[in-house]
Amino acid sequence: MDAVVRAMAYVAGALFLLVSFYVAADAIGRTFFHASSAVTDEFGGYALAVGGMFALAYTLRVGSHVRIDILLPYLPLTLQIVLNYVAMAGMALFSAMLAVYTWRLALESLATDARAMSFLRTPLFPMQALVALGLTVLCLEALVILAVGAVESLRTRRLAPPEGFRAPPEML
């Protein structure tokens, strides 16, 4: 799973880099040559949507999702660990629901040949399916983190924090 998540993060980074070059080239073309592709916003939106979804699982894996930990550091360590498991289970459930509905939307777009209301009239299914794939991998990553934490807890016979939510060493 780590290899899949890492590969998707590289794809996301490459998409962001490519779209930044594309937007810069289009801006230079408009400014100096009075020429534009006229679809920069469409391609940029697709790249941001797919890249963002592809980066979510890696961000979860390395513990970089934004969290507001105002009270958590002041709670007992065991309660912190339990709350981190609850948060990870919530992430798995939420991403699973989003993935299911996004896959449904993508399949409906495929069945109806839905297209963007743009100059290019691009089919919506490929982009929606890629967004759904990113959400699916996010859900799987959350489940893997939960499973690894549970196995580690059983192995050590004490409640181990889930990956990405390690307690500070001085607290262990």
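A short tour of the structure in this document, coming up. (Residues numbered from 1 in each chain as written. Predicted model: local features only at pLDDT ≥ 70, side-chain atom pairs only at ≥ 80, totals over all residues. Heavy atoms only, no water.)

Glancing now at the overall build of the chain. Helix and strand counts for the chain come out as four helices and zero strands. Reading the chain from its N terminus to its C terminus gives the helix and strand order α-α-α-α. Taken over the C-alpha trace, the chain has a radius of gyration of 20 Å; the compact-globule value for 172 residues is 16 Å, which it surpasses by more than 25%. On the principal axes, the C-alpha backbone points of the chain span a range of 65 × 40 × 30 Å. Every one of the 172 residues in the chain was classed for burial, and the buried ones make up 32%. Long-range contacts, defined here as pairs at least 24 residues apart, represent 72% of the contacts in the chain between residues at least 6 apart. Summing over all exposed atoms, the chain offers an accessible surface of approximately 10,600 Å²; the carbon and sulfur share of this is 73%. (Helix = DSSP H or I, 4+ residues; strand = E, 2+ residues; numbered from the N terminus. Rg over C-alpha atoms; globule rule 2.2 N^0.38 Å. Buried < 20%, exposed > 50% of the residue type's maximum accessible area, 1.4 Å probe, protein only. Contact = heavy atoms within 4.5 Å. Areas by Shrake-Rupley, 256 points an atom, 1.4 Å probe, with all protein chains shown as cover.)

Time to look at the packing of aromatic side chains. One pass over the structure, following the stated rule, counts one aromatic pair. Ring geometry for Tyr22 versus Phe43: centroids 5.8 Å apart, planes at 55 degrees, classification tilted. Taken together, the residues span a long stretch of sequence, with Tyr22 in helix α1 (residues 2-33) and Phe43 in helix α2 (residues 40-61) at a distance of 21 residues. For Phe43, a relative accessible area of 37% translates into the label partly exposed. (Phe/Tyr/Trp six-rings, centres within 6.5 Å; stacked < 30°, edge-to-face > 60°.)

The geometry of helix α3 (residues 77-112) relative to helix α4 (residues 125-156) is characterised by a closest axis approach of 8 Å and an angle of 155 degrees between their N-to-C directions. As summarised for this structure, α3 and α4 are arranged roughly antiparallel, according to the angle between their axes. Between α3 and α4 the crossing geometry is left-handed. Class assignment for the residues of the contact of α3 with α4 results in 26 nonpolar, seven polar and no charged. (Axes fitted to C-alpha atoms, helices over the stretch in contact; angles between N-to-C directions. Parallel < 35°, antiparallel > 145°, perpendicular 65-115°, else oblique. Left-handed = near helix turned anticlockwise from the far one by under 90°. Nonpolar A, V, L, I, M, F, W, Y, C, P; charged D, E, K, R; others polar.)

Before going further, it helps to spend a moment on the environment of Val131. Mapping Val131 onto the fold places it in helix α4. Using a relative accessible area of 17% as the deciding quantity, one classes Val131 as buried. In sequence terms Val131 and Leu83 are 48 residues apart; their C-alpha atoms lie 28 Å from each other. Beyond its immediate chain neighbours, meaning those up to four positions away, Val131 contacts Ala49, Val50, Met53 and Thr102.

On to α4. In a regular helix each residue adds 1.5 Å, so 32 residues correspond to 46 Å; α4 covers 46 Å between its end C-alpha atoms and thus fits that length. In the stretch just after α4, Arg157 is the one whose phi turns positive, near 60 degrees. (Expected span 1.5 Å × (residues − 1).)

Right, let's get into the pattern of salt bridges. The tally for this structure, following the rule as stated, stands at six salt bridges. Residues Asp2 and Arg61 are paired through a salt bridge, measuring 2.9 Å at the closest nitrogen-oxygen approach. Of this pair, Asp2 sits in helix α1 while Arg61 sits in helix α2, placing them 59 residues apart in sequence. Residues Asp26 and Arg30 are paired through a salt bridge, measuring 3.3 Å at the closest nitrogen-oxygen approach. Taken together, the positions of Asp26 and Arg30, both in helix α1 and four residues apart, correspond to about one turn of that helix. Under the relative-accessibility criterion, Asp26 is labelled buried at 7%. (Salt bridge = Lys/Arg side-chain N within 4 Å of Asp/Glu carboxyl O.)

Before going further, it helps to spend a moment on the side chain of Ser153. With respect to the secondary-structure elements, Ser153 resides in helix α4. Reaching out from Ser153, the side chain makes a polar contact with the backbone nitrogen of Ala160 at a distance of 2.9 Å. Ser153 has contacts with Tyr85, Arg158, Leu159 and Ala160, leaving out every residue within four places of it along the chain. (Polar contact = N/O pair within 3.5 Å; in protein donor to acceptor, adjacent residues only side chain to side chain.)

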